[in-house]
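Listed below, chain by chain, are the residues.
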Amino acid sequence: MSAYDETVSAREEARSPRDDAANPARNDAANPARNDAANPARDGAANPANDAPDGAVPPDERLWGPRIAALLFLAAGVAVLGWAFAIPEGAIEQDVGPRAFPLLVGVGLCVAASVAVVQAFRGSDPALTEQAREEARLTEWRPVAALLALLVCYLFALAPCGYWQSTAVLFALVARVLGSRRTLRDALIGLVLALAVYFLFDRLLGIHLPPGIVRLAF
Amino acid sequence: MDVLNDLMGGFGSAFSPLHLLLAFAGCTLGSLVGVLPGLGPATTVALLLPLTFVFDPTGALVLFAGIYYGGMYGGSTTAILLNVPGETASVPTTLEGHPMARSGRAGAALATAAIGSFVAGTISTVGITFAGPAMARIAEKIQPAEYFAVMVLAFATVTAVVAEAPARGLCSLFLGLAIGLVGIDSLTGQARYTFGVPELYDGVQIVAVAVGLFAIGEALYTAARLRRAPEERMLPVGGRIGMGPEDWRRSWKPWLRGTAIGLPIGALPAGGAEIPTFLSYNVEKRLSRHKKEFGKGAIEGVAGPEAANNAAFSGVLMPLLTLGIPTSATAGVLLIAFQMYNVQPGPQLFETQSALVWTLIASLYIGNVMLLVLNLPLIPLWVKLLRLPRPLLTAGILVFAALGVYALSQNAVDLGIAVLFGLLGFGMRRTGYPVAPLILGAVLGPMAETQFRRAMAFSEGDWTVFFTRPLSAAILCLSLIALAGPMAARALRRTRAREPNPAG
């Protein structure tokens, strides 16, 4: 049995309890493990295979998440470091100017992110590999993108359209994006909620919320 | 007895009708929001943060004491009934509490968690009452180099809690520190990382960061897996909430042991709540006469860790109040609350804000009692809340998250920042980066830099100052051990595991 087969079979074993929703006992044994990065049981399941001499797992297109994340952290590190040099050191003679700490932070981020990049590309962290698979299996991107788009629209709509108007719409649309099909009910709940918040904050607590261009009777 | 006089003064202020009402509201809101799946104490406090700026600082902090405890308590309810730990520290509770609930003993599990939390919280608050002022006096004498070293230690331990991945923890920490750098440098007036955006001159609004990372990030995470992840089924409470004589007999020792483990570790400026809860779980498992029940619903495994969790949570307030150093994500969000009122926790706090501190401590006692007498009977009501459709719950969370951020500054830029950080929190969660180090870095970073530069100024620019002063050097060594220790232990375990069975 090659190292590759071992890896695959160990993974299948580690994964199967989660797919087995009909078996509550096994399902529950796996559940805390998913939330606990330090769980030794899962480590044990995945370790023997990954302790193969090169310590690497075969390439898998679904594991790009951690790689992209590590690369983004590295990019952020380079940016922090780069812009640190743009901070003027100040005219006053000082022991430590405004640039020293940013340089320290930038170097730290670059070093940590480099290690993370190497780990992500080698796949040498079995817990991460397992998590990435699990996430890839469960993630739907469409609702995430829709929610982000809604929130961005909301923040631009707030001032011109008014607080309670935009909030009621936001509530109903978010619920719809997430799969609620009783749009009329959701819209009503949203409207009541938004008006309640508006009166509580704007009228009672004195925290100003935008009324909108078209002011209604209240 | 100075301490008792001060405490009595605190109680006098805490027993005012407004403050009692606020403590009550805090406990209720905290457990209400904390019981929502996925919303741990840190998220709960972040989400409710903006509510407080309506009140005066004292009233707001009283409200927060309630939210703090309530959020944690709500978290243990979801851990038991839903098998969803709100944060890592609740994992042991799921291990035993959920099997108990499955075998129809949810009432006993919830009761031992609540009473254990009460016992641990009260003992720990007594600890804070007497040790707090003493610690503040010691803290006053701390020099900048040592202060900086202690912060490094706090960073290191919070990062090391995610021991499987120190590199990713450090990425998160340094990104947080970088976020803390944005704005006008307080010593020289130089703008740093502001890119000419005037809204950034005062720094990134930290409330927006916290709400974005925790609340919006959580909403996005829920949205992403709403349809594909198997829905967590909530178990009915089933029967009375309370414990039989046998449960009491098996619970009281774990409560006290949990407190003894949680309080000292939490009170260290390096603690956090994760280590004591796991430690307590293992201790109970080893000492129990019912070893076979562990994993199938042993009440000791709920009583001990829950007490340890609560004791550590209260203990965490010690370094927070006396040093201004938060050692958990929740404490980090609490520090934000203090800073919103220009109250800077630290060695001087007990002197300059004596009335406020003692009212806060008094309301910790009150909050503990309130949670016990209020929440225990109200749990079935909170549980009904969990039956609301998830889409509506998520929509509600988003509405309140947005409201909080917007109301803070009436500024859409902050809302944009929160959405951005929501995306970041979502991405980090998916790819195994912990967010706690980030929030701590962002909150503590500016303080760390100030102490760093002070130390450097004292030493006239000599970088070795942190290693030549014995105390500072010792603390920095500890930090290194905290970071490298788990890695070394793991490597050792791996070599050992390989020895008996060489190369398959």
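Quick look at the structure, then. (Residues numbered from 1 in each chain as written. Chains lettered and ligands numbered in written order. Predicted model: local features only at pLDDT ≥ 70, side-chain atom pairs only at ≥ 80, totals over all residues. Heavy atoms only, no water.)

**Things to note about the overall build of chain A**
Point 1. Along its length, chain A carries 9 helices and 0 strands.
Point 2. In sequence order, the secondary structure elements of chain A are arranged as α-α-α-α-α-α-α-α-α.
Point 3. Split by element, the accessible area of chain A, about 10700 Å² in all, is 68% carbon and sulfur. (Helix = DSSP H or I, 4+ residues; strand = E, 2+ residues; numbered from the N terminus. Areas by Shrake-Rupley, 256 points an atom, 1.4 Å probe, with all protein chains shown as cover.)

**Considerations on the pattern of salt bridges**
Residue and element names in this part refer to chain B.
Point 1. Per the stated rule, a full pass over the model turns up 13 salt bridges over all chains.
Point 2. The salt bridge involving D185 is made with R453; its shortest N-O contact spans 3.0 Å. Residue D185 is located in the loop between β1 (183–184) and β2 (191–192), and its partner R453 is located in helix α18 (residues 436–458); the two are separated by 268 residues in the primary sequence. Residue D185 shares its accessibility class with R453, and that shared class is buried.
Point 3. The partner of E246 in a salt bridge is R249, and the shortest N-O contact between them spans 3.2 Å. Taken together, the residues E246 and R249, both in helix α10 (residues 245–267) and 3 residues apart, mark about one turn of the helix.
Point 4. On the basis of relative accessible area, E246 is assigned to the partly exposed category, the value being 38%. (Salt bridge = Lys/Arg side-chain N within 4 Å of Asp/Glu carboxyl O. Buried < 20%, exposed > 50% of the residue type's maximum accessible area, 1.4 Å probe, protein only.)

**Remarks on the nonpolar core**
Point 1. Judged by nonpolar contacts, the single largest core of 204 residues is most densely connected at Y163 of chain A together with F466 of chain B.
Point 2. Per element, the largest residue contribution to this core is 15 residues, and it comes from helix α9 (residues 206–225) of chain B.
Point 3. Two domains each put at least three residues into this core: domain 2 (61–122) and domain 3 (141–204) of chain A.
Point 4. Excluding residues within four positions of it along the chain, F466 of chain B makes contact with A145, F148, F452, A455, M456, S472, A473 and L476 of chain B. (Core = buried A, V, L, I, M, F, W, Y, C linked by side-chain atoms within 4.5 Å. Domains from an automatic or database assignment. Contact = heavy atoms within 4.5 Å.)

**Quick look at the interface of chain A and chain B**
Interface size is often expressed as the accessible area that is lost when the parts come together.
Point 1. Counting residues at the interface gives 80 residues for chain A and 81 residues for chain B.
Point 2. When the buried surface of chain A facing chain B is broken down by residue, F73, F101 and L178 of chain A rank first, second and third, together holding 10% of it.
Point 3. Viewed at the interface, chain B and chain A are joined by 0 salt bridges.
Point 4. Applying the counting criterion to the chain A and chain B interface returns 5 residue pairs in polar contact (both at pLDDT 80 or more).
Point 5. Mapped onto the side of chain A that touches chain B, the elements with two or more residues apiece are α2 (24–35), α3 (40–50), α4 (64–84), α5 (100–122), α6 (126–138), α7 (141–161), α8 (163–177) and α9 (183–204) of chain A.
Point 6. Ranked by residues supplied to the side of chain A that touches chain B, first place goes to α5 of chain A with 11 residues.
Point 7. Taken together, the residues that form the side of chain A that touches chain B break down as 53 nonpolar, 14 polar and 13 charged. (Buried area = accessible area lost by both parts, 1.4 Å probe. Polar contact = N/O pair within 3.5 Å; in protein donor to acceptor, adjacent residues only side chain to side chain. Nonpolar A, V, L, I, M, F, W, Y, C, P; charged D, E, K, R; others polar.)

**Details of the environment of G77 of chain A**
All names here are of chain A.
Point 1. As for its position among the elements, G77 is in helix α4.
Point 2. Since its relative accessible area comes to 0%, G77 is described here as buried.
Point 3. Counting along the chain gives 36 residues from G77 to A113, while the straight-line C-alpha distance between them is 7.4 Å.
Point 4. When near neighbours in sequence (up to four residues on either side) are disregarded, G77 contacts G106, L109 and C110.

**Details of the packing of α9 of chain B against helix α13 (residues 329–340) of chain B**
Residue and element names in this part refer to chain B.
Point 1. One way to put it is that α9 packs onto α13 with a least axis distance of 10 Å and a crossing angle of 150°. Classified by the interaxial angle, the pair formed by α9 and α13 is roughly antiparallel. Where α9 crosses over α13, the two elements pack in a sense that is left-handed. For the pair formed by α9 and α13, the contact residues are I206, V207, A210 and F214 on the first element and A329, V333, I336 and M340 on the second. (Axes fitted to C-alpha atoms, helices over the stretch in contact; angles between N-to-C directions. Parallel < 35°, antiparallel > 145°, perpendicular 65-115°, else oblique. Left-handed = near helix turned anticlockwise from the far one by under 90°.)

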